[in-house]
Amino acid sequence: MAKCCADTPLLTDAQIDESLGKLTAWNLSEDRKLISRAFVAKNFVSAMNFLNSAAEVAEAEGHHPDFHLTNYREVKIDVTTHAIGGLAEIDMELAAKLDAIKVDYSPKSNN
Ligand SMILES: C[C@H](O)[C@H](O)[C@H]1CNC2=NC(N)=NC(=O)C2=N1
């Protein structure tokens, strides 16, 4: 059963703010429709290792982030529920699961 579809309820503003209090590495978009996290990996392989682990997590969750590899080691992840054009509980669950993936960060990165 798809965990997210057209009748998945949107989170209220209060629910979004409460969830983001726990997801400290994530930022809320201006339109409050998606959350993003960005980090600098140690190198290209570290970035790709994260992305491949994240793909496994997303597939198991049945909910998929948008990945941006802005250069060889800068990763940006956007999470939203495309089917409803906004944020649902499953987005917050996915973000928490992505945060559990070990990342080899660049020594200079602030994440
Ligand atoms: C049928 C399948 O579960 C749906 O298409 C899922 C797949 N993964 C998804 N991921 C995200 N982020 N949003 C969706 O609306 C979505 N829909």
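Analysis parameters
- Residues numbered from 1 in each chain as written.
- Predicted model: local features only at pLDDT ≥ 70, side-chain atom pairs only at ≥ 80, totals over all residues.
- Heavy atoms only, no water.
- Helix = DSSP H or I, 4+ residues; strand = E, 2+ residues; numbered from the N terminus.
- Contact = heavy atoms within 4.5 Å.
- Patch = residues over 30% accessible without salt bridge, like charges linked within 9 Å, V, L, I, M, F, W, Y side chains within 5 Å.
- Areas by Shrake-Rupley, 256 points an atom, 1.4 Å probe, with all protein chains shown as cover.
- Salt bridge = Lys/Arg side-chain N within 4 Å of Asp/Glu carboxyl O.
- Buried < 20%, exposed > 50% of the residue type's maximum accessible area, 1.4 Å probe, protein only.
- Pairing = 2+ DSSP bridges.
- Expected span 1.5 Å × (residues − 1).
- Arc of directions from axis to C-beta.
- Polar contact = N/O pair within 3.5 Å; in protein donor to acceptor, adjacent residues only side chain to side chain.
- Core = buried A, V, L, I, M, F, W, Y, C linked by side-chain atoms within 4.5 Å.

Draft legend 1. Spatial organisation of the environment of Leu23. Examined against the element boundaries, Leu23 turns out to sit in the loop between helix H1 (13-22) and strand E1 (27-28). Along the sequence, Leu23 and Met92 sit 69 residues apart, while their C-alpha atoms lie 8.0 Å from each other. Setting aside its immediate chain neighbours within four residues, Leu23 contacts Met92, Ala95, Ala96 and Asp99.

Draft legend 2. Broad picture of a nonpolar patch on the surface. Residues Phe44, Val45, Leu69 and Tyr72 make up a contiguous nonpolar surface patch of about 380 Å² in total accessible area. Structurally, Tyr72 is set in the loop between strand E3 (66-69) and strand E4 (74-79).

Draft legend 3. Quick peek at the pattern of salt bridges. A full pass over the atoms with the stated rule returns seven salt bridges. For Asp13, the salt bridge is made with Arg32, and the minimal N-O distance between the two is 3.0 Å. With a gap of 19 residues between them, Asp13 in helix H1 and Arg32 in the loop between E1 and strand E2 (35-40) connect regions that are remote in the sequence. Residue classification places Arg32 among the partly exposed residues on the basis of a relative accessible area of 28%.

Draft legend 4. Quick peek at the pairing of E3. As paired elements, E3 and E4 share four bridges and run antiparallel to each other. What sits directly across from Phe67, in E4, is Ile77. Where E3 folds back on E4, the antiparallel hairpin that results is connected by four residues.

Draft legend 5. Quick look at helix H2 (residues 44-61). Here H2 contains 18 residues, and its C-alpha end-to-end distance of 25 Å stays within 8% of the 26 Å for a straight helix at 1.5 Å per residue. Among the residues of H2, Ser46, Ala47, Phe50, Leu51, Ala54, Ala58 and Glu61 are the ones counted as buried. The buried side chains of H2 occupy one side of the element, clustering within an arc of 130° when seen end-on. Among the exposed residues of H2, those oriented more than 90 degrees off its buried face are Val45, Glu56, Glu59 and Ala60. Those residues of H2 that are buried are in contact with E2, E3, E4 and helix H3 (89-99). At the N-terminal boundary of H2, the capping side chain belongs to Asn43, with an oxygen 3.1 Å from the backbone nitrogen of Val45.

Draft legend 6. Summary view of the environment of Lys33. Tracing the sequence through the fold places Lys33 in the loop between E1 and E2. Sequence spacing of Lys33 and Phe67 is 34 residues, and the spatial spacing of their C-alpha atoms is 16 Å. Sequence-distant contacts of Lys33, defined by excluding residues within four places in its chain, comprise Thr80, Gly85, Gly86 and Leu87.

Draft legend 7. Representation of the nonpolar core in the model. Ranked by size, the top nonpolar core spans 22 residues in total, and within it Trp26, Ile35, Phe50, Ile77 and Leu98 carry the most contacts. At the level of secondary structure, the elements contributing two or more residues to this core comprise H1, E2, H2, E4 and H3. Ignoring sequence-local partners within four residues, the contact set of Trp26 consists of Leu20, Ile35, Ser36, Arg37, Ile77, Val79, Ala95, Leu98 and Asp99.

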